[in-house]
Amino acid sequence: MPTTDSGDLAALTASAASLDVAHLPILLQGLRLDLNDQQRSVALGNLRAFAQHGATGLADNSQRTLRACWLNWLAYCEHAEQVVLPITFDTLRPFIDLLVDGQRKRATLELHLQSLRAASKFYGCPDPMESLIAKAYWKDLCRKKLTKAKASAQGMTRADVAAMVGDLDLSIPRQARDAALVRSAYDLFARREELAMAK
């Protein structure tokens, strides 16, 4: 449990997550938060409101994308022993650089930035990409290393997943494996080459 957050925030996050409205979970072992009183108050207010009204404002695929990007950030913070929130440009840049080094496309980076900026707003924290240096960094990165995709590929929907696994016999090991791979690809927003390398 993060030592910098109140029990109320952790409890509300767990409660909201059970309703699938906290699509940016923070109640994870070993991760650290450093929210001040004002940020904690905003976070609590948002968590209460989303839990009360059962709203997300996002389509299923958008929720899945946001959650996948957020979980990538959490995994990075755990590995780098980095504070999850607030996110600053100084802490965000190494994460973005890792994605670039991993040959992620510009659209993927834009999704991660959009998700982390949304998370910052949701939990009452400053936008990590609003500073002049952050904007200059992103412009340089786009000009020198990234190219804008012409069109985004259509993501899988729950109906697609159901159609793909519906006729599989889960008592047959190979078909059970295929079903697990399809569901994992959907949940993790995996690319085709990542799915092909899964063992």
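Everything in this summary refers to the structure shown in the same document. (Residues numbered from 1 in each chain as written. Predicted model: local features only at pLDDT ≥ 70, side-chain atom pairs only at ≥ 80, totals over all residues. Heavy atoms only, no water.)

Before going further, it helps to spend a moment on the pattern of salt bridges. Using the criterion set out here, one finds eight salt bridges in the structure. The salt bridge partner of Arg 106 is Glu 110, with a shortest N-O separation of 2.9 Å. One end of the pair, Arg 106, and the other, Glu 110, are both in helix 5 (residues 106–122), four residues apart, so they sit about a helical turn from each other. Between Arg 143 and Asp 140 there is a salt bridge; the shortest N-O distance is 2.8 Å. With Arg 143 and Asp 140 both in helix 6 (residues 132–144), this residue pair falls three residues apart, about one helical turn. By relative accessible area, Asp 140 is classed as partly exposed at 31%. Each of Arg 117, Asp 127, Glu 130 and Lys 135 takes part in a single network of salt bridges with overlapping partners. (Salt bridge = Lys/Arg side-chain N within 4 Å of Asp/Glu carboxyl O. Helix = DSSP H or I, 4+ residues; strand = E, 2+ residues; numbered from the N terminus. Buried < 20%, exposed > 50% of the residue type's maximum accessible area, 1.4 Å probe, protein only.)

In this chain, Leu 85 is followed by Pro 86 through a cis amide linkage whose omega measures -5 degrees. The phi dihedral of Glu 81 is positive, around 55 degrees, even though this residue is not glycine. Although it is not a glycine, Gln 103 adopts a positive phi angle of roughly 65 degrees. Topologically, Gln 103 is positioned in the loop between helix 4 (89–101) and helix 5. With a relative accessible area of 64%, Gln 103 lands in the exposed category.

An ideal rise of 1.5 Å per residue puts 30 Å on 21 residues; helix 3 (residues 60–80) measures up with 30 Å between its terminal C-alpha atoms. By the burial criterion, the buried members of helix 3 are Gln 63, Arg 64, Thr 65, Leu 66, Ala 68, Cys 69, Trp 70, Trp 73, Leu 74, Tyr 76 and Cys 77. Two residues or fewer after helix 3 comes Glu 81, characterised by a positive phi angle close to 55 degrees. (Expected span 1.5 Å × (residues − 1).)

The periodicity of an α-helix, 3.6 residues per turn, causes residues three or four places apart in sequence to face the same way. An ideal rise of 1.5 Å per residue puts 24 Å on 17 residues; helix 5 measures up with 24 Å between its terminal C-alpha atoms. Restricting attention to buried positions, one finds in helix 5 the residues Arg 106, Thr 108, Leu 109, His 112, Leu 113, Ser 115, Leu 116, Ala 119, Ser 120 and Phe 122. With its phi angle positive at about 75 degrees, Gly 124 sits one or two positions after the end of helix 5.

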